[in-house]
Amino acid sequence: WGNAPREVMQLMVESHNTYFPGHTLDWGRMIITLGESNAPDGIRNLLDTHQNHFPDQNINWEECAVKLASSRSASIEPFNLFLRLSVANRLDALGVEKWQGKVEDFINEFPVNEYTRDKKRARLLYSARLLYSNLASYEQLKEATWLL
C-alpha cells in the first residue's frame, strides 16, 4: 500500500472485486500492520482505497486506535494520522467549529516523548478511548439540539 503506484492499486482493487466479489477485507488488521511498520503514508493510501472502492465495508475505528495505542511497535506518527483520518468524516458531520477545534487540539496534545514507553502507551490508550467517547458525546449533543 505504501509506495505502490496508483495503477497497481487500481489493478489490485479491480482484481479483488472480479475474483472475490462480496469478500470483506480485514481493514483493521491491515491498518494495525501498517501502523506497526511505521508507515503513515501506507495508512493514508489504504484508507483512501477503502473510501473510494470499498465504502460499504466496515472499519472498527475505535478498536484499531486502541490496538495501535497498545502496540509496542507502532510509533506516534501513524497513530496520530490514523486518529485524524478516523474522525475526519464525523467531525465534518458535526459542523460545529468549536467542537471540531477541541477534538483537533486533543489529538495535537497526545504525548510524544515526555513519558517512558509504557506510560506513553497507557496514556495513548486512555486518550484514544477518551477521544471517541468525547466525539460520541458531541454527536449526541448535536442530535439533542436538533430535536429541540
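Per chain, residues are indexed from 1 in the order of the written sequence. Selection of residues for local features in this predicted model requires a pLDDT of at least 70, selection of side-chain atom pairs for listing and counting requires 80 or more, and totals for whole chains, interfaces and linings are taken over all residues. Calculation of side-chain values draws on the structure's entire complement of heavy atoms; hydrogens and water are dropped beforehand.

Draft legend 1. Local environment of the overall build of the protein chain. Only runs of H or I of at least four residues qualify as helices and only runs of E of at least two qualify as strands under DSSP, and these elements are numbered from the N terminus. Of the regular secondary structure elements, the protein chain holds seven helices and zero strands. Going from the N terminus to the C terminus, the protein chain shows its helices and strands as α-α-α-α-α-α-α. Carbon and sulfur atoms form 51% of the exposed surface of the protein chain, whose accessible area is close to 9,100 Å². In this description, accessible areas are obtained by the Shrake-Rupley approach with a 1.4 Å probe, and a residue is regarded as covered only by the protein chains that are shown.

Draft legend 2. Highlighting the side chain of His50. You can see His50 is positioned in helix H3 (residues 40-53). A 1.4 Å probe rolled over the protein chains alone gives each residue an accessible area, and that area as a share of the maximum for its type sets the label: buried under 20%, exposed over 50%, partly exposed in between. For His50, a relative accessible area of 9% gives the class buried. Throughout, a residue-residue contact means that at least one pair of heavy atoms, one from each residue, lies within 4.5 Å. Not counting residues within four places of it along the chain, the set of residues in contact with His50 comprises Trp27, Pro55, Gln57 and Ile59.

Draft legend 3. Main features of the packing of aromatic side chains. Between 30 and 60 degrees the pair is tilted, below 30 it is stacked and above 60 it is edge-to-face, where a pair is any two Phe, Tyr or Trp rings, Trp via its six-membered ring, whose centres lie within 6.5 Å. Taken as a whole, this structure holds two aromatic pairs when the rule is applied. A centroid spacing of 5.4 Å and a plane angle of 55 degrees characterise the contact between Trp27 and Phe54, whose relative ring orientation is tilted. In this pair, Trp27 is assigned in helix H2 (residues 27-36) and Phe54 in the loop between H3 and helix H4 (61-70), connecting sequence segments 27 residues apart. For Trp27, a relative accessible area of 1% translates into the label buried.

Draft legend 4. Spatial organisation of the pattern of salt bridges. Within this document, salt bridges are pairs made up of a side-chain nitrogen of Lys or Arg and a carboxyl oxygen of Asp or Glu, the two lying within 4 Å of each other. Applying the stated rule across the entire model yields three salt bridges. Between Lys67 and Glu63 there is a salt bridge whose closest N-O contact spans 3.3 Å. Note that Lys67 and Glu63 are positioned in helix H4 at a spacing of four residues, about one turn of the helix.

Draft legend 5. Representation of unusual backbone geometry within the structure. A positive phi angle, near 55 degrees, is found at Asn38, a position not held by glycine. With respect to the helices and strands, Asn38 occurs in the loop between H2 and H3.

Draft legend 6. Spatial organisation of the environment of Glu143. Checked against the element boundaries, Glu143 lands in helix H7 (residues 117-147). When the C-alpha atoms of Glu143 and Leu94 are compared, they prove to be 9.5 Å apart, with 49 residues separating the residues in sequence.

Draft legend 7. Broad picture of the side chain of Ser71. Structurally, Ser71 can be placed in the loop between H4 and helix H5 (76-94). Classification of Ser71 as buried rests on a relative accessible area of 6%. For the purposes of these results, a polar contact is taken to be a pair of N or O atoms within 3.5 Å, where, inside protein, one atom must be able to donate a hydrogen and its partner to accept one; residues adjacent in sequence count only when each atom of the pair is a side-chain atom. Of note is the side chain of Ser71, whose polar atom sits 3.1 Å from the backbone nitrogen of Ser73. Not counting the four nearest positions on each side in its chain, Ser71 is found in contact with Glu36 and Arg121.

Draft legend 8. Quick look at the nonpolar core. Here, the term nonpolar core denotes a set of buried Ala, Val, Leu, Ile, Met, Phe, Trp, Tyr and Cys residues that are joined through side-chain atoms within 4.5 Å. Among the nonpolar cores identified, the biggest contains 37 residues, and Ile31, Phe79, Phe82, Val87 and Val103 are the most heavily contacted of them. At the level of elements, H2, H3, H4, H5, helix H6 (97-108) and H7 are the ones that each hand at least two residues to this core. When residues of this core are assigned to their parent elements, the largest contribution, eight residues, is made by H5. Excluding residues that lie within four positions of it along the chain, Ile31 makes contacts with Ile43, Leu46, Leu47, Ile59, Cys64, Leu68 and Phe82.

Draft legend 9. Region of the structure containing H6. By this rule, a helix spans an expected 1.5 Å times one less than how many residues it contains. Taking 1.5 Å as the rise per residue, H6 with twelve residues should run 16 Å; its terminal C-alpha atoms sit 16 Å apart, in good agreement. Among the residues of H6, those classed as buried are Trp99, Gln100, Val103 and Ile107. For H6, the arc enclosing every buried residue in end-on projection is 105 degrees, short of the 170-degree limit, so these residues lie on one face. Turned more than 90 degrees away from the buried face of H6, the exposed residues are Glu97 and Lys98. Arc definition: directions from the helix axis to the C-beta atoms.

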